[in-house]
Amino acid sequence: MTVLPAPKGLDSRGRLVREGSLARVRPAFAPVVAAVRDRLPAVFGARLHSAYLYGSIPRGTARVGRSDLDLLIALREEPADADRAAVRALGEGLDQEFPQIDGVGTLLHGRARLLSDLERYDLGWFVACLCTPLVGEDLAEHLPRYRPDSLLARETNGDLGRWLPRWRERIAQAEDTEESRRPLVRFMSRHLVRTAFTLVMPRWQGWTSDLREMAEVFGAYYPGRAAQLRTAAAYGYEPVGDPKVLRSYVHELGPWLADEYARVHGVKAPRPD
């Protein structure tokens, strides 16, 4: 019998508590965070509204030389191609300079989109609950307090069915090497585990960002799929380059999960892009 982890991540009123804090950043990553804080204003000037950390570094779980640096940058207007190029250059420079990180992933959006009604339960929730303020005014002050309900589940991960054809294209275009496939396994494993978790999140009534705990929570409600999700969670941390894993994701586990998600929560509202 699967023992269901006790719900967590909520305040006394059942609202999601923001995860992450600058106080949790481990000493090894402090110079990286300081460099980002110093360089962003120079890159964007007055057009920079705010910037945030998310992921393992502000949660205090990052591994030296293994974890990437995750950033969200909000501009005062919608970003242009030159802004995206500047973000890529910033990330490449940080990755080369600081061996304690393994890559930089950056989300870049305009303030208006992050606060829009369309994104309130997706990017807005992401900023308010999963991002740690680093520079500028915190957009969470303009966003609601969120609960782990079906609306949030639908608008965060209710689009897996739209992603699967793109995933199949990426797999087909990748070089036939373990080195090329390993990042795909890592990315898709994480996406599938997080989607599986948010499928059952409203029933569990809690939040976690730990992939293994996500898989355990999901497995308590879908025991027939529990082993698959535990394996995917392990690959999310330690990916392999096995093509069979990728095929199983896009032809078996992924389609099942997309269909079940749509049945339970509906499909995410389409976005312009």
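Above this note sits the structure.
A quick note: this is a predicted structure, and the numbers were derived from the prediction, not measured. (Residues numbered from 1 in each chain as written. Predicted model: local features only at pLDDT ≥ 70, side-chain atom pairs only at ≥ 80, totals over all residues. Heavy atoms only, no water.)

**Q** Before we go on, may I ask you to explain the overall build of the chain in this structure?
**A** From N to C terminus, the chain includes 11 helices and 4 strands. For 273 residues, the compact-globule formula gives about 19 Å, and the C-alpha radius of gyration of the chain, at 19 Å, lands near that figure. Within the chain, the proportion of its 273 residues that are buried is 49%. The long-range fraction of contacts in the chain, counting pairs at least 24 apart against all pairs at least 6 apart in sequence, stands at 77%. Here the chain has roughly 13,000 Å² of accessible surface; of this, 52% comes from carbon and sulfur atoms. (Helix = DSSP H or I, 4+ residues; strand = E, 2+ residues; numbered from the N terminus. Rg over C-alpha atoms; globule rule 2.2 N^0.38 Å. Buried < 20%, exposed > 50% of the residue type's maximum accessible area, 1.4 Å probe, protein only. Contact = heavy atoms within 4.5 Å. Areas by Shrake-Rupley, 256 points an atom, 1.4 Å probe, with all protein chains shown as cover.)

**Q** Sorry if this is basic, but what is going on with the environment of Glu137 here?
**A** In this structure, Glu137 sits in the loop between strand E4 (131-136) and helix H6 (150-157). A C-alpha to C-alpha distance of 21 Å links Glu137 and Arg59, two positions 78 residues apart in sequence. A distance of 3.3 Å separates a polar atom in the side chain of Glu137 from a polar atom in the side chain of His49. (Polar contact = N/O pair within 3.5 Å; in protein donor to acceptor, adjacent residues only side chain to side chain.)

**Q** What exactly am I supposed to notice about the pattern of salt bridges here?
**A** Within this structure, the stated rule accounts for 24 salt bridges. Residues Arg18 and Asp138 are paired through a salt bridge, measuring 2.6 Å at the closest nitrogen-oxygen approach. Here Arg18, found in the segment before helix H1 (30-44), pairs with Asp138, found in the loop between E4 and H6; they are 120 residues apart in sequence, far enough to count as distant. What makes Asp138 buried here is its relative accessible area of 15%. In this structure, Glu216 engages Arg230 in a salt bridge whose closest nitrogen and oxygen atoms are separated by 2.7 Å. Taken together, the residues span a long stretch of sequence, with Glu216 in helix H9 (residues 211-221) and Arg230 in helix H10 (residues 226-237) at a distance of 14 residues. Of the residues examined, Arg230 reaches a relative accessible area of 36% and is grouped as partly exposed. In this structure, a network of salt bridges that share partners links the residues Arg113, Glu119, Asp122, Arg154, Glu155, Asp159, Lys268 and Arg271. (Salt bridge = Lys/Arg side-chain N within 4 Å of Asp/Glu carboxyl O.)

**Q** What should I look at first to understand the packing of aromatic side chains in this one?
**A** Each aromatic ring pair is characterised by the separation of its centres together with the angle its planes make. Inspection of the entire model under this criterion finds 9 aromatic pairs. Seen from their ring centres, Tyr54 and Phe126 are 4.8 Å apart, and the 75° between their planes marks the pair as edge-to-face. Placement of the pair is Tyr54 in strand E1 (residues 48-54) and Phe126 in helix H5 (residues 123-130), with a sequence separation of 72 residues. Judged on exposure class, the residue Tyr54 and its partner Phe126 are both buried. Their ring planes at 75° and their centres at 5.8 Å tell us that Phe197 and Trp204 sit as a pair that is edge-to-face. For the residue pair Phe197 and Trp204, the accessibility class agrees, reading buried in each case. Sitting over the face of the ring of Trp163, Arg166 holds its NZ or CZ atom 4.6 Å from the ring centroid. (Phe/Tyr/Trp six-rings, centres within 6.5 Å; stacked < 30°, edge-to-face > 60°. Lys NZ or Arg CZ within 6 Å of the ring centre and 35° of its normal.)

**Q** I tried to follow the environment of Asp122 on my own but got confused; where do I start?
**A** Here Asp122 lies in the loop between helix H4 (111-114) and H5. Discounting residues that sit within four places of it in the chain, Asp122 has contacts with Glu155, Thr156, Lys268 and Arg271. A polar atom in the side chain of Asp122 sits 2.5 Å from the side chain of Lys268.

**Q** Sorry, what's going on with the packing of H9 against H10 here?
**A** To describe two helices that pack against each other, one gives the angle between their axes and the distance between the axes. Where H9 contacts H10, the axes come no closer than 9 Å and their chain directions differ by 170°. Comparing the axis directions of H9 and H10 gives the class roughly antiparallel. Residues Leu211, Arg212, Ala215, Glu216, Phe218 and Gly219 of H9 touch H10, and the partners they reach there are Ala226, Leu229, Arg230, Ala233, Ala234, Gly236 and Tyr237. Its residues assigned to classes, the contact of H9 with H10 comprises 8 nonpolar, 2 polar and 3 charged. (Axes fitted to C-alpha atoms, helices over the stretch in contact; angles between N-to-C directions. Parallel < 35°, antiparallel > 145°, perpendicular 65-115°, else oblique. Nonpolar A, V, L, I, M, F, W, Y, C, P; charged D, E, K, R; others polar.)

**Q** What is the right way to read the side chain of His49 from this model?
**A** For His49, the position within the fold is in strand E1. Excluding residues that lie within four positions of it along the chain, His49 makes contacts with Ala74, Leu75, Arg76, Arg111, Val135, Gly136, Glu137 and Leu139.

**Q** Whenever I open this one, the sheet that holds E1 confuses me. Can you help?
**A** Backbone-to-backbone hydrogen bonds pair the strands of a sheet. The strands run either parallel or antiparallel. Here we have 4 strands laid out as an open sheet, ordered E3-E2-E1-E4, and mixed in their pairing. The open sheet has two edge strands, strand E3 (104-110) and E4, and neither has a second partner. Across the sheet, the axes of successive neighbouring strands diverge by a mean angle of 25°, strand direction being ignored. Sheet topology note: the strand E2 (residues 69-75)/E3 ladder contains 7 bridges and is parallel. Bridging across to E3, Ala74 finds its partner in His109. In this fold H1 packs onto E1, E2, E3 and E4, with an angle of close to 30° to the strand it touches most, E2. Strand contacts of H5: E1, E2, E3 and E4, with the helix running at about 90° to E4, the strand carrying the most contacts. (Pairing = 2+ DSSP bridges.)

**Q** I tried to follow the side chain of Thr208 on my own but got confused; where do I start?
**A** Structurally, Thr208 can be placed in the loop between helix H8 (178-204) and H9. Among residues more than four places away in sequence, those in contact with Thr208 are Lys8, Phe197, Glu213 and Met214.

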